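Topology and contacts: notes
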Amino acid sequence: MNFKNIAGLLGAAVVAGGMLASTGASAEEKIGFVYVGPIGDHGWTYRHDIGRKAVEEAFGDKVKTTYVESVKEGADSERVIRKMAADGHKLIFTTSFGFMNPTVKVAKQFPKVMFEHATGYKRAENVSTYAARFYEGRYVVGKIAGKMTKTNIIGYVGSFPIPEVVRGINATTLAARSVNPDVQVKVAWVNTWYDPGKEGDAAKALIDQGADVILQHTDSPAPLQVAESRGVWGVGQASDMSKFSAKAQLTAIIDNWDTYYVERTKAVLDGTWKSQDVWGGLKSKMVEIAPYNDAIPADVVALAEETRKGLMDGSIKPFAGPIKGQDGTVKVKEGEELDDGVLLGMDWYVEGVQGKLPKGN
Amino acid sequence: MSGFEWLVPVILTVITAATPLVFAAIGELVTEKSGVLNLGVEGMMLVGAVAAFATATVTGSYILAILAAAAAGGFLAFLFGILTLSLMANQVATGLALTLFGVGLSALVGQDFVGEPIDAIAKLNIAGLTDIPVVGPILFGQDPLVYLSFVMVALVSWFLYKTKAGLVLRAVGDSHDAAHSIGYSVIGIRYLAVLFGGAMSGIGGAYLSLAYTPMWAENMTAGRGWIALALIVFATWKPGLVLVGAYMFGGITILQLHAQAAGLDVPSQVLSMLPYLATIIVLVLISKDESRIRKHAPACIGKIFHPAA
């Protein structure tokens, strides 16, 4: 055998080996995640990524996860989602409301790929939607806030005036006023999900306007940091932010996507995946409450726990009547409650919220 | 005077909002006065922010942190200089690339520092002076970087218009061929200007991660670099007006948040537009005089210098 023959045989062996290896590798499913912010936001995206890691841990070699961070909502997201679909991903999670139309558009062109869109309302045969009833967490937090405020003003750092955010504001207000009828909720909109500087400025403005409990629907720990430095209370958003505000954080509303992500990945691997709409809350553990601050009096903690358990077993309904709108009209009569459809499109404030609700996105 | 006490926290917040813009803008102003357009301000601010935060976390020294920020910003600016001044690449494209690079590099370096808060840089507290109602905290209770920002604006103004070196720099920016023929090193002077701009942008970024929101978060500048770039143009390259523009912008940003919190009946999206609109309108009105614009705008900005002969 001369050198050329040996080299040829070796080359063939390498190629054959590579092909064998790659057929083994193609047995793993690719699962994609599209994030609206950086994993380092320590909030919304951070928790989604923890969900992704749970998927990796649960399925090991059977899956390969990829993610793209800080994808702007709009045309750019369409490009990212399309590339993921074209690259052979079987299941793609798009984790922001603003990815809704791009997801649906790409899903039409890739009918064999499955999509899970967070916090949206458009579905298709291969597009599922999922969200967490964060407002249940807000309801628990609202009761604590109502009891802990001394100035009777709660400050809310709002991102965009979409129904999800409005639901949170309303749930907080209803809960706070149920234990303290004098509470007013002031809202400052920063028109972004993530900008620590602006979020901090909004918190400062709210505190300067009298708020002594700061809630937020934005993704960074900046408002809590401001609350800590100004000596007022705050509530962590999407994840436990007590590292930034050991004294100020009353508790946090934690988003827990692990179980849901593992479940849906399993469905894809088993071939049983179907489009659905999941809106889980405290009961399904999608929403959790972080440990309570030691400074909260025992009776308030008991009230919070009672509320949480009541929400879990259905005995407490946050949007059950009577509910008055900001203009004083009765929106929900005694004995009735708002159904999911109305909640999904909520675009009005309840009584107790100050200021006019801007037209949403 | 209890009537004005509510104003104090607002003014204090305005000062913190404006300071990063002042640093970035004054540095880039010097760069642009020498004829170089460095669009990488956002990237330089971010590497400055992460360098300052990392240094402060690891060493505990804020002075080292500020120096690290200046060095980081300066280093990125140096890379820009090599590409555009020595290799004569297009300045606009290189600047944009620098921004992208800075965003990515800072995110990479900052990965280990996410979720780790530090104490904010200490504010001045002179017994007696800081306690004066209203003016005390505003004039005597700021952190050192705020005072530095004012000093830098004054220094740059004095340097550009009252020293020979400043005149040479402006000459290089106005007509690099003429400056070269007189015997000045155009490329050398531009390198220095670019480095200064990078260092200042870095310190602007450091302000964000050390004082404004003492944490590291990816992309925490959130577009402030671009705002600084725009401020320079609308201020027609005059240092004093850059300061005015930065405070106007920062001021209205804060005031619109206060207006919302107070329940003002204007849509929040309109209020969010206000800082940009107002700053543009005011600066354009102030700088209407065309002859003065021509006097201050560097004529050779963005043009590649090819030494003739």
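Looking at the overall build of chain A
When its secondary structure is counted, chain A shows eleven helices and 15 strands. Seen through its principal axes, chain A has C-alpha atoms that stretch 95 × 40 × 35 Å. Considering chain A as a whole, with its 361 residues, one finds that 52% of them fall into the buried category. Considering only intrachain contacts with a sequence separation of at least 6, the fraction spanning at least 24 residues in chain A is 64%.

Overview of the overall build of chain B
When its secondary structure is counted, chain B shows 13 helices and zero strands. Going residue by residue from the N terminus, the α and β elements of chain B occur as α-α-α-α-α-α-α-α-α-α-α-α-α. Relative to the 2.2 N^0.38 estimate, which gives 19 Å for 309 residues, the radius of gyration of chain B is 20 Å and therefore close to what a compact globule would have. Dimensions of chain B along its principal axes, counting C-alpha atoms only, are 70 × 50 × 40 Å. Across the 309 residues in chain B, those meeting the buried criterion constitute 50%. Taking the intrachain contacts of chain B between residues at least 6 apart in sequence as the baseline, contacts between residues at least 24 apart amount to 79%.

Some points on the interface of chain A and chain B
Across the contact, 34 residues belong to chain A and 32 residues belong to chain B. Of all elements in the fold, only strand 7 (184-189), helix 7 (196-208) and helix 8 (222-230) of chain A reach the threshold of two or more residues within the side of chain A that touches chain B. With ten residues, helix 7 of chain A is the single largest residue contributor to the side of chain A that touches chain B. Looking at side-chain class alone, the side of chain A that touches chain B contains twelve nonpolar, twelve polar and ten charged residues.

Here's the deal with the domain arrangement of chain A
Interface size, as often reported, equals the accessible area lost upon joining of the parts. Residues and elements named next belong to chain A. Here the domain parsing of chain A yields domain 1 (15-132 + 257-280) and domain 2 (134-255 + 286-354). Computed over C-alpha atoms only, the centres of domain 1 and domain 2 are separated by 30 Å. Listed as interface residues are 17 residues of domain 1 and, on the opposing side, 17 residues of domain 2. Partitioning the side of domain 1 that touches domain 2 into residue classes produces nine nonpolar, six polar and two charged.

Observations concerning the nonpolar core
Among the nonpolar cores identified, the biggest contains 184 residues, and I214 of chain A together with A25, A52 and L231 of chain B are the most heavily contacted of them. Counting residues per element, this core draws most heavily on helix 9 (residues 186-212) of chain B, which supplies 15 residues. Two domains share this core, each providing at least three of its residues, namely domain 1 (15-132 + 257-280) and domain 2 (134-255 + 286-354) of chain A.

Notes on the sheet that holds strand 12 (residues 287-289) of chain A
Residues and elements named next belong to chain A. Taken together, the seven strands give an open sheet; going across it, the order is 12-10-9-8-6-7-15, and neighbouring strands pair in mixed fashion. Each of the sheet's edge strands pairs with one partner strand only, and the pair in question is strand 12 and strand 15 (353-354). Pairing of strand 6 (residues 153-158) with strand 8 (residues 213-216), which is carried by four bridges, proceeds in the parallel orientation. Bridged to I154 within strand 8 is V213.

Remarks on the sheet that holds strand 3 (residues 89-94) of chain A
Hydrogen bonds along the backbone pair up the strands of a sheet, which may run parallel or antiparallel. Residues and elements named next belong to chain A. Within the open sheet, the six strands sit side by side as 2-1-3-4-5-11. Their pairing is parallel. Strands at the two margins of the open sheet, each flanked by one partner only, are strand 2 (63-68) and strand 11 (277-280). Ignoring which end each strand starts from, the neighbouring axes of this sheet average 15° apart. Direction of pairing for strand 1 (residues 29-34) relative to strand 3: parallel, over a ladder of five bridges. Bridging across to strand 3, K30 finds its partner in H89. Here helix 4 (residues 100-109) sits on the sheet in contact with strand 3, strand 4 (114-118) and strand 5 (127-132), set at roughly 170° to strand 4.

Comments concerning the environment of K30 of chain A
All names here are of chain A. Looking at the secondary structure, you find K30 in strand 1. Exposure remark for K30: the 17 C-beta atoms within 10 Å place this residue in the partly exposed category. When the C-alpha atoms of K30 and K62 are compared, they prove to be 8.9 Å apart, with 32 residues separating the residues in sequence.

Comments concerning helix 7 of chain A
Here helix 7 of chain A spans 18 Å end to end across 13 residues, near enough to the 18 Å set by a 1.5 Å rise per residue. Extensive coverage of helix 7 of chain A is indicated by the burial of 13 of its 13 residues.

Overview of the pairing of strand 7 of chain A
Residue and element names in this part refer to chain A. The buried fraction of strand 7 amounts to six of the six residues, a majority that puts the element mostly inside the structure. Bridge count for strand 6 against strand 7 is six bridges, and the pairing is parallel. Each residue of the ladder has a partner; that of G155, found in strand 7, is K186. Running through helix 6 (residues 163-179), the crossover from strand 6 to the neighbouring parallel element strand 7 is right-handed.

Quick notes on the packing of helix 7 of chain A against helix 1 (residues 7-33) of chain B
At their nearest, the axes of helix 7 of chain A and helix 1 of chain B sit 10 Å apart, and the two run at 175° to each other. Between helix 7 of chain A and helix 1 of chain B, the angle is such that the two are roughly antiparallel. Residues D201, K204 and D208 of chain A of helix 7 of chain A form the contact with helix 1 of chain B, whose own contacting residues are P9, V10, T13 and A17 of chain B.

A short note on helix 3 (residues 75-86) of chain A
Residue and element names in this part refer to chain A. Between its first and last C-alpha atoms helix 3 spans 17 Å; for twelve residues at 1.5 Å apiece the expected length is 16 Å, and the two agree. All buried positions along helix 3 are accounted for by S77, V80, I81, M84 and A85. Seen along its axis, helix 3 keeps its buried residues to an arc of 135°; they face one direction. In helix 3, the exposed positions that point more than 90 degrees away from the buried face belong to A75, D76 and A86.

Focus on the pairing of strand 4 of chain A
Residue and element names in this part refer to chain A. Judged by how many residues are buried, strand 4 sits mostly within the fold: five of five residues are covered. With burial as the criterion, each face of strand 4 is covered, one bearing M114, E116 and A118 and the other bearing F115 and H117. For the crossover that starts at strand 3, traverses helix 4 and ends in the parallel strand 4, the hand is right-handed. Sheet topology note: the strand 4/strand 5 ladder contains four bridges and is parallel.

Here's the deal with unusual backbone geometry
For residues besides glycine, phi is generally negative; the peptide bonds are generally trans as well. Along the chain, G321 of chain A connects to P322 of chain A via a cis peptide bond; the corresponding omega equals 0°. When you line up the elements, P322 of chain A lands in the loop between helix 10 (298-313) and strand 13 (323-324). Phi is positive for A238 of chain A, which is not a glycine, with a value near 75°. Locating A238 of chain A in the fold gives a position in strand 9 (residues 233-238). Positive phi outside glycine occurs at N219 of chain B, with the angle close to 60°. Relative to the helices and strands, N219 of chain B resides in the loop between helix 9 and helix 10 (224-234).

Here we look at the confidence of the model for chain B
For chain B, per-residue confidence averages 89 on the pLDDT scale, and 98% of positions sit at 70 or higher. Listed scores for the predicted complex are pTM 0.83 and ipTM 0.82.

Basis of the calculations
Residues numbered from 1 in each chain as written. Chains lettered and ligands numbered in written order. Predicted model: local features only at pLDDT ≥ 70, side-chain atom pairs only at ≥ 80, totals over all residues. Helix = DSSP H or I, 4+ residues; strand = E, 2+ residues; numbered from the N terminus. Buried ≥ 20, exposed ≤ 12 C-beta atoms within 10 Å, placed from the backbone. Contact = placed C-beta atoms within 7 Å. Rg over C-alpha atoms; globule rule 2.2 N^0.38 Å. Nonpolar A, V, L, I, M, F, W, Y, C, P; charged D, E, K, R; others polar. Domains from an automatic or database assignment. Core = buried A, V, L, I, M, F, W, Y, C linked by C-beta atoms within 7 Å. Pairing = 2+ DSSP bridges. Axes fitted to C-alpha atoms, helices over the stretch in contact; angles between N-to-C directions. Expected span 1.5 Å × (residues − 1). Right-handed = clockwise from strand over helix to strand, strands pointing away. Parallel < 35°, antiparallel > 145°, perpendicular 65-115°, else oblique. Arc of directions from axis to C-beta. pLDDT = per-residue confidence, 0-100.

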